[in-house]
Each structure stands twice: as C-alpha cells, then as structure tokens.
Amino acid sequence: MTTAAAKTSNGLAHTSTGPDTADRARAASRAADLAERAAAVARVAEQHLAETERDASFPEHALAEMRRTRLLALLVPEADGGLGGTVTDLVDVSMILGRADMSVAMIFAMHCQQSEAIVRFAKPPLREELLARLAAGELYLASVTTESGKGGDLFKSYAPLRETEEALEIDRAAPISTGGSNADGFLITMRSPSATADHHVSLVYAHRSQLTVETAGQWCPMGMRATHSLPLKITGTVPAHHVIGEHGAFHQIVQSVFGPLAHIGWSAAWLGTASGALSRVLHLLRDPAGRKRFDLRSELLLTRLSRARQRLDTVHALLRRTEALVAGGTDWSSTGSQLLLNNLKITAAEECCAAVDGLIDAVGLRHGYLQDSPTRLEKSLRDLRSAVLNYSNDRLHLADGQLCLLDPDVRFD
Ligand SMILES: Cc1cc2nc3c(=O)[nH]c(=O)nc-3n(C[C@H](O)[C@H](O)[C@H](O)COP(=O)(O)OP(=O)(O)OC[C@H]3O[C@@H](n4cnc5c(N)ncnc54)[C@H](O)[C@@H]3O)c2cc1C
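Predicted model only: the values in this text are computed from it and were never measured.

Definitions and cut-offs
- Residues numbered from 1 in each chain as written.
- Predicted model: local features only at pLDDT ≥ 70, side-chain atom pairs only at ≥ 80, totals over all residues.
- Heavy atoms only, no water.
- Pairing = 2+ DSSP bridges.
- Helix = DSSP H or I, 4+ residues; strand = E, 2+ residues; numbered from the N terminus.
- 1 Å grid on protein atoms, 1.4 Å probe; cavity = no way out; pocket = protein on both sides within 12 Å on 5 of 7 lines; lining within 4 Å.
- Points joined across faces, edges and corners; volume = space filled by probe spheres on them.
- Nonpolar A, V, L, I, M, F, W, Y, C, P; charged D, E, K, R; others polar.
- Domains from an automatic or database assignment.
- Near = heavy atom within 4 Å.
- Polar contact = N/O pair within 3.5 Å; in protein donor to acceptor, adjacent residues only side chain to side chain.
- Areas by Shrake-Rupley, 256 points an atom, 1.4 Å probe, with all protein chains shown as cover.
- Sits in = over half its atoms within 2 Å of the grid points.
- Phe/Tyr/Trp six-rings, centres within 6.5 Å; stacked < 30°, edge-to-face > 60°.
- Contact = heavy atoms within 4.5 Å.
- Axes fitted to C-alpha atoms, helices over the stretch in contact; angles between N-to-C directions.
- Salt bridge = Lys/Arg side-chain N within 4 Å of Asp/Glu carboxyl O.
- Buried < 20%, exposed > 50% of the residue type's maximum accessible area, 1.4 Å probe, protein only.
- Parallel < 35°, antiparallel > 145°, perpendicular 65-115°, else oblique.
- Left-handed = near helix turned anticlockwise from the far one by under 90°.

Quick look at the sheet that holds strand β4 (residues 162-163) now. One open sheet holds the four strands; their spatial order is β4-β5-β9-β8, and the pairing between them is antiparallel. Both edges of this open sheet fall to β4 and β8 (211-215), since each of them pairs with a single strand only. Here β4 runs beside strand β5 (residues 167-177); their pairing, made up of two bridges, is antiparallel. Across the sheet, the residue bridging to E163 is L168, located in β5.

Now the structure itself:
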C-alpha cells in the first residue's frame, strides 16, 4: 500500500501510512527534520530562560528561531509554501518546546491555532496574502478573544465591530494577549456589525500596521511569565474583507479549529513541561551525587515517581487518542467527540500539574522548592498552575455535564 498524503477538509494534512518501508522511512525522516527544527528553538529558549523568566519578557530570540526554522508555517499547506504539517506534528513540536519552556510552547501552539483558522476560513485575496507571509516566517499571530465582563467565554462578545461602506472599525480592550507586544498580526473577536444577540461574534484579522496598540497595564504573573500577556487597548480600521469566515459565525471556527487545536496543542505543551520536569528529576536521582543524597530504594520515593509517570502516561494516551480523532476526520460534532476533546484539556491540565506537584514532595525542599535547582520544578509548577485557568476547567465541566445528559447510553467515539 502506498502512502496517501491527503488533506482533510479542516485543512490539516494527514498521512495514512501502509506497511510500505519507503513510506515509513519518509515519515521518520520528516519527523526527524521537524524534531531538529523544534530542538533548535528549544535550545535558544533555554539560553534565554533566566532573563525572560526574571523580567517576564517576551522570548524574542526563540520567536526569531521559529521564523528561521519556519516552524511558524508548520500548519500552512505545502501548496501555499508552508511545511504542510499534521496535527501529530503540532503535538510533537509543542511537546519538545514544552520541555524547554512552557511559555514558548504555548506561544507556538496558539500561533498554530490562529494560522489554521486562516488556512481554513480566510477568503481570497486575504488568505493568499497571509499564507505567503506565514510561509516566509514573517507573520507571528496574536489572539484576542478574552474580554472583560465575559471572561473566557468564546461564544460571546460585547465590543461592537462597526462597519462602514468598505471598512471595519476596531475598538477593543484585550485584558490578556500573549505576545501582543511582538505580534505582526492579530485575530480579534468582536460583536458582529449586524448582531442581534451577544453570541453573534465575528473574527477579524488586522495587521499591526493597521492598528494603534497601547499597553493598558502590567504583566506580572505567577507563571507563564515569558508569554508577556499584557493587557492592551487596540484601535484601528481594516478593509471589509478582513473578516475571517462569515460575520457572526465565529462559533463555526471555534468548533472546527480553535477548540480542537487549542485543547490538543495546549495539552501537548503541558505534557512536554511535566515530562521535562520528570526527566530532570530522574537524571538528578541517577547522577552519582544524587545517588548519595537520595535513597533510591525508598518505597515512598519509588511510589511517588511511579505516580508521576502514571499521570503522564495517562495524559499521553488521551492526547494521542484525541489527536487520531482530529487527524482522521472532519466531523467532531458528536457528543462523544466533544466530550473527548474537552476531557483531554481538563485531564491534561490537572494531571500534568499534579505530577509536578508530586515530584516536589518526592525530592523535597532543595530540589523541589528552590529556584536554582536544575530540576526547575518550582518554575514548572508555577507555569502548570495556569493550565486549569486557561479556558477554565469549570467552564468545560459545565459543558460536559450538559453533553453527558445527551448520551444516556454512554457511548464512546
Ligand atoms: C498564560 C495565559 C495566556 C493567555 N493568553 C491569552 C491570549 O493570548 N488571548 C486571549 O484572548 N486570552 C488569553 N488568555 C485568557 C484565557 O484564554 C482565558 O480566557 C482566561 O484564562 C479566563 O479567565 P478568567 O478565569 O478570568 O475568566 P472566566 O473564564 O470567566 O472564569 C472565571 C472563573 O469563573 C468561573 N466560571 C466562569 N464562567 C463559568 C461557567 N460558565 N461555568 C462554570 N464556571 C464558570 C470559573 O470558576 C472560572 O475559574 C490567557 C490566559 C493565560 C493563563
């Protein structure tokens, strides 16, 4: 059987490999190539980690490396000059970056989610213009969906998008926008010009040059410091064709792109961070100096290590299962699929954070709680604490509870 490289209608390329050796070799070589690009970005991120963490500053060197390696074009189809990456590639790269720095991994995963919305929903001539810039590594995208008064609710917007004959006027507060100070372009949700209800939301694209972007406060968080997610005030005018998808139909983009790719990309970033933490702990324990300091036969230590690995294997299995669902089809509207997508996010957020928390107990104060330990557990825990908040698990549980009532026979997709 030969390899069928196909495009799903959601724009994600997927490859159905048969038993053919040449196909497997090509897939392995492609995966190795992407892993090298990701490792290059991870190396740069690690070199600047102390500074971006201390100053809560944006990792501009890591972004420059994402441009150079063209990882910013991972999900842009090859026909449009991109790397033609798959959802598996998104997972693999996000995990590699997450091992180095969760902020850098989230910056990357969020950008990919934005670029896929453009691939699938932008219309000509905007689509061609943006994909060419993405392919050239010239377009790093920031996202503005959160709004004061509605929190993380993606299905509402209160800020009105005003429409003139040929233009759209943007006037939007962005309480938290990752990389907004460095982005080349923005995807912004606003209340549709003809909205009759808050859930008639439009997604609009704006070049930085079309906007006035003012800082509206500070970014001084517990973790995720290098995301540099400042509050911003954004004003400007864009041509009418800068609406992505149909006016008022942002929910379609959420269901087919933002939701699935956010939950998969974020979970991969979190799993990468927790795996990196466990790996550094294990290296410390196996190091000759570590062997003297720790009792490797301690039943408590062994059980705690096992518990951490168990949590990460659980997340990994769920992540790969959900990734296969998304790569294999285009319709994830069934109750079971929606539950799976939500439960991946909920579980990854809780379990990755719990794994690192447990490792702190396993190794104790010196290597669990102090900032200068090579385990970096202190930073990993602070970063992972954001996961349940970043689109609130409470919000997802509420949606899942309603979905449960639609499936009294409890069928699994
Ligand atoms: C590091 C980081 C980077 C981010 N970057 C961006 C970005 O680039 N762009 C962007 O737009 N946003 C960004 N966000 C925001 C994020 O996507 C969420 O919108 C935000 O974290 C939600 O904030 P909230 O907890 O105030 O709001 P809410 O979602 O309103 O939740 C507040 C609390 O209220 C409760 N709650 C609210 N509604 C419900 C409900 N219906 N059911 C049950 N409980 C509910 C929950 O307990 C929840 O914890 C980022 C967040 C983080 C942590």
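This part covers empty space enclosed by the protein. Counted according to the given criterion, the structure contains three cavities of 30 Å³ or more. Within this model, the largest cavity holds a volume of roughly 70 Å³. Lining the largest cavity are G98, R99, A100, D101, M102, T273, R280, R376, K379, S380 and D383. Put simply, the parts of the chain that give the lining of the largest cavity at least two residues each are α4 (87-100), α7 (250-286) and α12 (377-384). A breakdown of the residues in the lining of the largest cavity according to their chemical character gives two nonpolar, three polar and six charged. Counting the residues that make up the lining of the largest cavity, at least three belong to each of domain 1 (4-135) and domain 3 (250-405). Along the walls of the second largest cavity sit V44, A45, H48, L49, T52, P59, E60, H61, A62, D101 and V104, which together make up its complete lining. Every element with two or more residues in the lining of the second largest cavity is listed here: α1 (21-47), α2 (49-55) and α3 (60-68).

Turning our eyes to something else, we now look at the site of the ligand. Near the ligand there are 18 residues, and of these T145, T146, T178, D394 and R395 occur at the shortest range. The contact in question runs from an oxygen atom of the ligand to an N or O atom on the side chain of N390, over 3.1 Å. Alone, the ligand offers 960 Å² of accessible surface; in the complex the protein occludes 69% of this. When each cavity is represented as a set of grid points, the ligand is found to reside in the largest pocket. Of the residues forming the shell around the ligand, the biggest block, three residues, is contributed by helix α13 (residues 393-405).

By the bridge criterion, nine bridges tie β5 to strand β9 (residues 230-239) in an arrangement that is antiparallel. Within the sheet, the bridge partner assigned to L168 lies in β9 and is V238. Bridging between β8 and β9 involves five bridges; their strand directions are antiparallel. Within β9, the residue paired with V213 across the bridge is I234.

Here we come to the packing of aromatic side chains. For the coordinates displayed, the defined rule picks out three aromatic pairs. Ring geometry for W266 against W270: centres 6.2 Å apart, planes inclined by 45 degrees, an arrangement best described as tilted. In this pair, W266 and W270 are both assigned in helix α7, four residues apart and thus about one turn of the helix distant.

Sheet architecture is open: four strands sit in the order β3-β6-β7-β10, paired in mixed fashion. At either margin of the open sheet sits one strand with a lone partner, and together these are β3 (141-144) and β10 (243-244). Note: strand β7 (residues 201-207) against β10, two bridges, orientation antiparallel. Each residue of the ladder has a partner; that of L203, found in β10, is I244. Against the sheet, helix α5 (residues 102-121) makes contact with β3, β6 (185-191) and β10, and its axis sits at roughly 90 degrees relative to β3, the strand it touches most. Helix-sheet contacts for α7 involve β6, β7 and β10, and the interaxial angle to β7 is about 75 degrees.

Reported here for the largest pocket is a volume of approximately 1,200 Å³. Lining the largest pocket are 50 residues, with W266, L389, N390, Y391 and S392 sitting closest to its centre. Elements with a contribution of two residues or more to the lining of the largest pocket: α5, β3, α7, α10 (335-363) and α13. If you tally residues by element for the lining of the largest pocket, the top one is α7, at eight residues. Across the lining of the largest pocket, the residue classes break down as 26 nonpolar, 21 polar and three charged.

Next up on the list: the pattern of salt bridges. Pairing between side chains becomes possible if they bear opposite charge and their charged atoms approach one another. Enumeration according to the criterion identifies 28 salt bridges in this entry. Of the charged contacts, one joins E138 and R133 as a salt bridge, the two residues approaching to 3.9 Å between their closest N and O atoms. Looking at E138, the relative accessible area reads 43%, which means it is partly exposed. Close ionic contact of K233 with D171 constitutes a salt bridge, the shortest N to O distance being 2.5 Å. Placement of K233 in strand β9 and of D171 in strand β5 is noted, with a sequence separation of 62 residues between them. Here D171 falls in the partly exposed class, since its relative accessible area comes to 42%.

The interhelical angle for the contact between α7 and α12, taken along N-to-C directions, is 160 degrees, at an axis separation of 10 Å. As summarised for this structure, α7 and α12 are arranged roughly antiparallel, according to the angle between their axes. Viewed along their axes, α7 and α12 form a crossing whose handedness is left-handed. Listed contacts from α12 to W270, T273, A274, A277, R280 and V281 of α7 are L377, S380 and L384.

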